[in-house]
Amino acid sequence: STLLRCINLLESIDDGQIFLDGAEISDPLIDVDEVRRRLGMVFQSFNLFPHKTVLENITLSPIKVHGKSKDEANSHAMHLLKRFDLADKADQYPDRLSGGQQQRVAIIRSLAVSPRLLLLDEVTSALDPVLVNEVLNTVKELKEDEETRMTMVIATHEMGFAQQVGDQVCFLEGGEVVELGSSQQVLQDPQDKRTKDFLQKVHEAGRL
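None of these values were measured; they are calculated from a predicted model.

A. A look at the sheet that holds strand β5 (residues 151-155). Taken together, the three strands give an open sheet; going across it, the order is β3-β4-β5, and neighbouring strands pair in parallel fashion. Bordering the open sheet on either side are β3 (39-42) and β5, each of which pairs with just one other strand. Sheet twist, expressed as the mean angle between neighbouring strand axes with direction ignored, is 15 degrees. Where strand β4 (residues 117-121) meets β5, five bridges bridge the pair, whose relative direction is parallel. By the bridge assignment, L117 is partnered in β5 with T151. Strand contacts of helix α5 (residues 99-111): β3 and β4, with the helix running at about 175 degrees to β3, the strand carrying the most contacts.

Here it is, written out as structure tokens:
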């Protein structure tokens, strides 16, 4: 979670560099707002505006930040809502939706600005187990669909999910990169003892 917040420049960076499309975005002189216009972030706890409808939540950034007309923003938002079977929720408020529906709306809100990079921070951690697959299937669709295909950085403890969708998997412990490689290599043939110990516990819990 901290790493994702650093990428989105929501946390101060003490050391190191972050690059987006070859340009360093961790430079203290960088225009933070300009960087964030190219990023989308989906938080653990949805962070939808409770006083705005689903459609208003999705169109707020395209209109206020990206200068889209209301009609254009609404049209694109409805296209995305239909795609993820939520068109009938457009005029409802977040508290009328299930947790899974709220998180899918949060994902759609990030997609509405066509981000260069989509950051997903433990998007299933606040959900009832019954709703987890609903959200994970949405992320799988994003990975497989050419229309919205984009780079995604996902923080997750759902190891089975990471194995299915991850092109690269990075195992972190204590703020350090312990192991980095393909999902197959890291999750099926880990080299570091810390990774092995963690995955053994995951297997014992039946989560992989």
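Read on for the rest.
B. Representation of the pairing of β3 within the structure. What you see with β3 is no split at all: L39 and M41 on one side and G40 and V42 on the other are buried throughout. Where β3 meets β4, four bridges bridge the pair, whose relative direction is parallel. Of the residues in β4, the one forming a bridge with L39 is L117.

C. Highlighting the environment of L97. Along the chain, the position of L97 falls in the loop between α4 (70-83) and α5. Residues L97 and V54 lie 43 residues apart in sequence; the distance between their C-alpha atoms is 9.5 Å. Setting aside chain neighbours within four positions, we find L97 in contact with V54, K89, Q92, Q102 and V105.

D. Examining the pairing of strand β6 (residues 168-173) more closely. Pairing between β6 and strand β7 (residues 176-182): six bridges, direction antiparallel. Paired with L172 across the bridge in β7 is V177. Here β6 hands over to β7 after two residues, with G174 in that stretch at a positive phi of 60 degrees.

Criteria and cut-off values
Residues numbered from 1 in each chain as written. Predicted model: local features only at pLDDT ≥ 70, side-chain atom pairs only at ≥ 80, totals over all residues. Heavy atoms only, no water. Pairing = 2+ DSSP bridges. Helix = DSSP H or I, 4+ residues; strand = E, 2+ residues; numbered from the N terminus. Axes fitted to C-alpha atoms, helices over the stretch in contact; angles between N-to-C directions. Contact = heavy atoms within 4.5 Å. Buried < 20%, exposed > 50% of the residue type's maximum accessible area, 1.4 Å probe, protein only.

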